Amino acid sequence: MKLNFFKLIIFVLIGFFILLFYVWLQISSERLGYDLEKLRLRLKEEKNLNTQLKITVDSLSSPERLGEIANEMNLQPPTKSQIIEIE
Amino acid sequence: MKLVDRRLLFSFILIMFIPILLSIRLFYLQIWQHRYLNSIAEEQISSVKTSPVTRGEIRDRNGKTLAVSIEVDSVGLNPKLIKNKDHFVKEISSILGINQTYLKYKINQDKYFVWLQRKIDPKISRLLQEKKEYFKGLVFQKETKRYYPLGDLTANIVGVVNIDSRGSSGIELLYDKELTKKSGKEVYKRYGKTYEIKVADDKTANNYFNVILTIDSVLQYIAQRELKKVVEKYDAKKGFVLIQNPKTGEILTCACYPSFDPNSDKFTIKDLLNPAINEVFEPGSVFKVVPLIAALSENILDESDTIYCENGSYMIADDVEINDHEKYSYLTLEGILVYSSNIGFAKLGMKIGRNKIYEWARRTGFGSLTGSMMPGEMRGLLPNPNSKEWSFVTGPIMCYGQGVAVTGLQIVNLYSAIANGGLLMEPRFVKSLTDMENKPICEYEPRVIRRIASEEIINTVRIMLEKVVMYGTGTLAKVEGYTVAGKTGTAQKLDTNIKKYTNKYISSFCGFIPSNNPELTILVVIDEPKKGYWASEIACPVFSNIAKDAMNYLEIQKKSIHNYAYNK
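Residues numbered from 1 in each chain as written. Chains lettered and ligands numbered in written order. Predicted model: local features only at pLDDT ≥ 70, side-chain atom pairs only at ≥ 80, totals over all residues. Heavy atoms only, no water.

## Some thoughts on helix α16 (residues 455-471) of chain B
The periodicity of an α-helix, 3.6 residues per turn, causes residues three or four positions apart to be oriented the same way.
Residues and elements named next belong to chain B.
Then comes step 1: Helix length check: α16, at 17 residues, gives a terminal C-alpha distance of 24 Å against a target of 24 Å (1.5 Å per residue), a fit within 8%.
Then comes step 2: When we look at burial in α16, the residues that qualify are Ile-457, Ile-458, Thr-460, Val-461, Arg-462, Met-464, Leu-465, Glu-466, Val-468 and Val-469.
Then comes step 3: On the buried face of α16, the contacting elements are α10 (289-297), α11 (333-338), α15 (408-419), β21 (485-495) and β22 (500-513). (Helix = DSSP H or I, 4+ residues; strand = E, 2+ residues; numbered from the N terminus. Expected span 1.5 Å × (residues − 1). Buried < 20%, exposed > 50% of the residue type's maximum accessible area, 1.4 Å probe, protein only. Contact = heavy atoms within 4.5 Å.)

Shown next, in the form of structure tokens:
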């Protein structure tokens, strides 16, 4: 009888811990879900920032802007005599 | 049973009583009522959102971005959450650049949401986001905005999108389906007030492609810069330049001036038209190569045969007089091209005959679409020789480029055919498509439409065109270090209302360089220059300047012509 009673308590405790483990799993998966969503949003923001920076680079390196700067600095294409061909 | 055991059992039952009751309740809620309660919970925590329409990028042949979509914020406010309204109005109006009276009107509305500004600048958005706690009541919403980093440089060819991010003109319209990722439904689950997790999205929503153009933005800039100079110098209405690779048919440049800024909203539907594709004009003398090819192919005249050019004035009918800009007596077939004699070509037209003129004009690509597929491309106007539109003078005047309307694209395509030995190519604006990860999806191969004439005849025409630049009307188109072949065109404009020619002109030059192994065909068209009109003095120097810088940029002089990158 004594043995059966302790067995019952052990079974109940095991059941309790299984339930606890299941709840922990659920909470962890939810938490991972949040983290994943946060990372997804961050990735999206970073990608968007990357695109914005790419636009800035493209605008700054546009032939029109470079041409204007070259004009301001009096830069000209080299004449034939200024070119040295390296064999 | 012993007393101690009974007590233990009793205590155990007593302790377990509440958990058992709770378990029964849980069983009832979680299993018995599961479906009903779950549906209520789902309704409360789930939300369905529509993802914004996104578009792929448009890039030039070197990977330079010409059009790109980015997510930007639109900002609104909940007027009921704002406490210190005066302070809010003062601060926000200065950041957003909104009129204070307008903002006061918005803030005093009895609503839970009002728009303040759509698609705001990312820098302003970041500034507002940082002060979000300070300005309670501000609401941000994501939308996509199309940016064109090169602005007006490629506006006429790339086109624009409308407010719903769908293509309205140019490549944006032609490749709208491929560029667009349509909006789809996304299911989110909300936990608490702040967190949302995307649990499902619309798998049927398509992916987008990126479009790689044949356009070279540096060549485009060179052309646009020279175009701007000449339009301003001669006070012209507008102008355009087309540069084509004669071997592949790829359009490397399609520059228009004046153009418009696609990043602003200040443009009209008329601005969206591309004069090189969507508009037609009487070509004038650049069209003279058509009867020339016809005469040589039909063995009507030999290049050494002479034509009497009537000393500059010729009455073709009682009320129709044809004039040359100089007085010529006898000129060879080559001479009438080199010195651009209208009388010579009118007489040549009479020898060729109406049906043959029409047939050869069609064969060289006029009166039909080029196959570029560009939206709104014009066929041009080529009268039918068996209709009432064709009179006695139509054939002769058509031979020097009047009585026929063409697009710039048709002209440059014909000269490319002469440059490549006689193959009329399909002009192409798109090089390839790539997927979202930039992996190639399809590459467009050059397509030959037809051979327009034998290689021998085309070679004869090419040599004649070289002489036009060597000592004829196109001497100002010369480029140091290269041989150039081409033809000038100065055409009087027809007033369609009174059906008479006016004193307004279109000056053009179309040629190819280096003429012995052409790499570029360049067409320059200047519409209504007010301070002069001769193509030889207006269009030829533009050709020369563009060709010189283009050759320098493409390093054709430094490298072997045969290894030129575009032919790889």
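Back to the write-up after that little detour.
## Quick word on the interface of chain B and chain A
Then comes step 1: The partner chain A presents 29 residues to the 31 residues of chain B that form the contact.
Then comes step 2: Of the roughly 2600 Å² buried between chain B and chain A, counting both surfaces, carbon and sulfur atoms make up 62%.
Then comes step 3: At the boundary of chain B and chain A, one finds two salt bridges.
Then comes step 4: A salt bridge links B:Glu71 to A:Lys44; its shortest N-O distance comes to 3.4 Å.
Then comes step 5: Broken down by secondary-structure element, the contributors of at least two residues to the side of chain B that touches chain A are α1 (3-32), β4 (65-77), α5 (122-130), β8 (185-191), β9 (195-201) and α9 (217-233) of chain B.
Then comes step 6: Per-element tally for the side of chain B that touches chain A: the top contributor is β4(B), with five residues. (Buried area = accessible area lost by both parts, 1.4 Å probe. Salt bridge = Lys/Arg side-chain N within 4 Å of Asp/Glu carboxyl O.)

## A look at α5(B)
Residue and element names in this part refer to chain B.
Then comes step 1: Buried within α5 are the following residues: Pro-122, Ser-125 and Leu-128. Buried residues in α5, looked at end-on, bunch into an arc of 120°, giving them a common side. Seen from the buried face of α5, the exposed residues on the opposite side, beyond 90 degrees, are Lys-123 and Glu-130.
Then comes step 2: A side-chain oxygen of the first residue of α5 lies 2.9 Å from the backbone nitrogen of Lys-123; this N-cap is Asp-121. (Arc of directions from axis to C-beta. Polar contact = N/O pair within 3.5 Å; in protein donor to acceptor, adjacent residues only side chain to side chain.)

## Brief notes about the pattern of salt bridges
Residues and elements named next belong to chain B.
Then comes step 1: In total, this model carries 29 salt bridges over all chains according to the counting rule given.
Then comes step 2: Two residues, Arg-428 and Glu-250, come together in a salt bridge whose shortest N-O distance is 3.3 Å. Taken together, the residues Arg-428 in the loop between β17 (423-425) and β18 (430-434) and Glu-250 in the loop between β11 (238-244) and β12 (251-257) connect sequence positions 178 residues apart. Here Arg-428 matches Glu-250 in class, with each residue buried.
Then comes step 3: Several salt bridges share partner residues, and in doing so they unite Arg-55, Arg-146, Arg-166, Glu-172 and Asp-176 into one network.

## Some thoughts on the sheet that holds β11(B)
All names here are of chain B.
Then comes step 1: One open sheet holds the five strands; their spatial order is β12-β11-β23-β22-β21, and the pairing between them is antiparallel. Pairing within the sheet leaves two strands with one partner each, and these edge strands are β12 and β21. The average undirected angle you get between the axes of adjacent strands in this sheet is 10°.
Then comes step 2: With six bridges connecting them, β11 and β12 associate as antiparallel partners. Its bridge partner being in β12, Val-241 is matched across the sheet by Ala-255.
Then comes step 3: In this fold α9 packs onto β11, β12 and β23 (520-527), with an angle of close to 30° to the strand it touches most, β12. (Pairing = 2+ DSSP bridges. Axes fitted to C-alpha atoms, helices over the stretch in contact; angles between N-to-C directions.)

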